[in-house]
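Here's the letter readout for the chains.
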Amino acid sequence: MADAEHKLQNISVGLSGLFWETKWKWGTFYKIWGNVCPAELIVRLCWAASDGFRGDTRWNWKGDFGKRPRSGCTGVMAENIIVRIQSPHGMKRINVGKRETGAQFLKKVAKEFGCSNNGFSVYLNRNKTGEISPTNKSLSLLKIKCRHGALGKCVHCVPLEPFDEDYLNHLDPPVKHMSFHAYIRKLTGGADKGKFVALENISCKIKSGCEGHPPWPDGICTKCQPSAITLNRQKYRHVDNIMFENHTIADRFLNFWRQTGNQRLGFLYGRYTEHTDIPLGIRAEVAAIYEPPQVGTANSLEFLEDPKAEVVDEIAAKLGLRKVGWIFTDLLSEDTRKGTVKFIRNKDAHFLSAEECITAGDFQNKHPNVCRLSPVNHFGSKFVTVLATGGPDNQVHFEGYQVSNQCMALVGDDCFLPCRDAPELGYVKESSSEQYVPDVFYKDIDKFGNEITQLARPLPVEYLIIDIPTTFPKDPVYTFAASPHPFPVVNRDVVGETQDFHTLASYLSQNQSAVFLDVISDFHLLLFLVTNDVMPLRDSINLLLEAVKTRNEELAQTWKRSEQWATIEQLCSTVGVQPHSASDYGALGGSPQSAPTAMWSCRHCTFMNHPGTDQCEMCNLPRT
């Protein structure tokens, strides 16, 4: 029982389907779907006669509904029958006799799925009625008769397509957007196998090369004029789930807001994996957050130029990671004693502002999704947006979003602007002598309940947003080792988290008892080793990055014996240990306490100065 419960607790909630009843004058045929929950295994049963199959896998009715089907599906149950069982673990076929009892049948099901006899339940109806109990009743009393040979299929027992709307709507919770690969499967299905399918990216610009008239604004024609756009709900999404590997990643990011009260943003580095809860789904797994240079206040965020951006992407790629999205906070403290925050992002206000949608659209345009069905080999984007904000329970919640391909086009062609006083509204530009902007419409309901078409000036940004579930795993995963004394995060000088050889020496002294691979497996420490001004290791750290990527302690020990690490240790011993803590700084930041016994590195020319001096002995610039 314990093994069965362990296996069943990970089953995705949500098989679904339809219930058909087709009456003939000699019997009844049922096709039944059930739901799956962690405590019960509810399956679909299709019975198939093992004889009488003549190569025709489809019903061919003669005349009105209710007439006898064409020969090829027998009317009498065979001695040996095949029971097809469909579950989240796949489809199984079990050979049973029609005189077998329910108890014998359930034992065969348990053996086939590797469960204990009482670790699951089998129902005939999707509302969890008609349970097949382990009694001595014959299986022939169930009256489930899909009649064709063991190798045949009919329209009642073929597998569901991953884009089946009824199936997606009956998952728990229901899936509003099919996965992008399910959408591709839908386009490439049918007799032509998608031979003429082409995913065109939307363009809001005038087509170049039209010579029949003067250029805009003096002339335009239907050949070069972009088509008007009617905003529709996007039926698919490129990413179906966002998952942080562990809570430590999010907590370290939120610590900046907890210490300063200012908002913060960062880039998510991770990988794209299979999301098994949704057919052909994709999950973005987050392994680390990099915080670029920025200026944050309690109400705003501003990006600054990042000279290390290219190096960060390079190091992440060598670690098997890539930039999968960005994250930002919008948190307002409600009660500091209870640790609660205000619930400000909701249906009565807004989920994303127009300015945030424009930023998300710009990032998505910079990270296009490769697609073979597109003439330009890219379509849409898998770049995600995560917002840390207050939830209905006044606790910090992480909400995931993307903007639609239509929003990407409006942003990419510079046609979309935010509204000054209404964050939930955007505004589509009007055409000018410098730029032609096509008309953009959206559908709404007026006060009389009628559907009307409105010009997108202004435009509710909810028409452009696609929500993505954001989760944390029950069993945490650690690409980078978790340490009780982690290395400081880059670009946090305002709260005293400086990255220099003083902090490196302190970090190493606090983790002396740990395995070297665990000590060095810190994303921010690796970035410091590559980007520091005193001794950058960009060209000699590949072996260490491979060791961290593959969790190979032997490779890590080999790199530890290198000349580069020996030099790092010498520098740490020279500057001495100068531990820093957040308690040394005020709520809004401050200056580090002086350390008269330690040498310090000039941040302008990297010269190592003697302790007790406030100016660099080489360049004469101030220490801070």
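Residues numbered from 1 in each chain as written. Predicted model: local features only at pLDDT ≥ 70, side-chain atom pairs only at ≥ 80, totals over all residues. Heavy atoms only, no water.

Trainee: Can you help me understand the overall build of the protein chain in this one?
Mentor: Each helix and strand counted, the protein chain has 14 helices and 29 strands in total. Across the 624 residues that make up the protein chain, the buried fraction comes to 45%. When the accessible area of the protein chain is evaluated, it comes to approximately 32,100 Å², of which 50% is carbon and sulfur surface. (Helix = DSSP H or I, 4+ residues; strand = E, 2+ residues; numbered from the N terminus. Buried < 20%, exposed > 50% of the residue type's maximum accessible area, 1.4 Å probe, protein only. Areas by Shrake-Rupley, 256 points an atom, 1.4 Å probe, with all protein chains shown as cover.)

Trainee: I'm lost on the pattern of salt bridges in this one. Help?
Mentor: Should their charged atoms come close, side chains of opposite charge can pair. A full pass over the atoms with the stated rule returns 18 salt bridges. A salt bridge links D313 to K323; the shortest N-O distance between them is 3.9 Å. Here D313 is found in helix α6 (residues 309-318), whereas its partner K323 is found in strand β14 (residues 322-330), with 10 residues between them in sequence. You can call D313 partly exposed: its relative accessible area is 33%. By relative accessible area, K323 is classed as buried at 18%. The salt bridge involving E314 is made with R538; its shortest N-O contact spans 2.5 Å. With a gap of 224 residues between them, E314 in helix α6 and R538 in the loop between α11 (523-531) and α12 (542-550) connect regions that are remote in the sequence. Residue R538 is classed as partly exposed on the basis of its relative accessible area of 31%. (Salt bridge = Lys/Arg side-chain N within 4 Å of Asp/Glu carboxyl O.)

Trainee: Sorry, what's going on with the sheet that holds strand β21 (residues 416-418) here?
Mentor: Across a sheet, strands are paired by hydrogen bonds formed along the backbone, either parallel or antiparallel in direction. Ordered in space as β21-β22-β25, the three strands form an open sheet in which the pairing is antiparallel. Two strands close off the open sheet at either side, each with one partner strand: β21 and β25 (459-460). Taken together, the three bridges between β21 and strand β22 (residues 425-428) define a ladder with antiparallel strand orientation. Following the sheet pairing, L417 is matched in β22 by Y427. The sheet contacts of helix α7 (residues 354-366) involve β21 and β22, and relative to β21 the element is tilted by about 140°. (Pairing = 2+ DSSP bridges. Contact = heavy atoms within 4.5 Å. Axes fitted to C-alpha atoms, helices over the stretch in contact; angles between N-to-C directions.)

Trainee: Looking at this structure, I do not really get the environment of E200. What am I missing?
Mentor: Structurally, the position occupied by E200 is in the loop between α4 (180-187) and β7 (229-230). In this structure E200 comes out as exposed when scored by relative accessible area, which is 53%. Taking the C-alpha atoms as reference, E200 lies 6.1 Å from S374; in sequence the two are 174 residues apart. Excluding residues within four positions of it along the chain, E200 makes contact with P375 and F379.

Trainee: Explain the packing of aromatic side chains here, please?
Mentor: Note on aromatic pairs: each is described by the distance of the centres and the angle between the planes. For the structure on display, the rule yields 22 aromatic pairs. A centroid spacing of 4.8 Å and a plane angle of 25° characterise the contact between W326 and F328, whose relative ring orientation is stacked. Since its relative accessible area comes to 4%, W326 is described here as buried. On the basis of relative accessibility, which here comes to 4%, the residue F328 falls in the buried class. The structure contains a cluster of three or more aromatic residues connected by ring pairs, namely F267, F303, W326, F328, F363 and F383. It is K323 that lies over the ring of F267; its NZ or CZ is 4.3 Å from the centre. In this structure, K382 is placed above the aromatic ring of Y272, and the distance from its NZ or CZ to the ring centre is 5.3 Å. (Phe/Tyr/Trp six-rings, centres within 6.5 Å; stacked < 30°, edge-to-face > 60°. Lys NZ or Arg CZ within 6 Å of the ring centre and 35° of its normal.)

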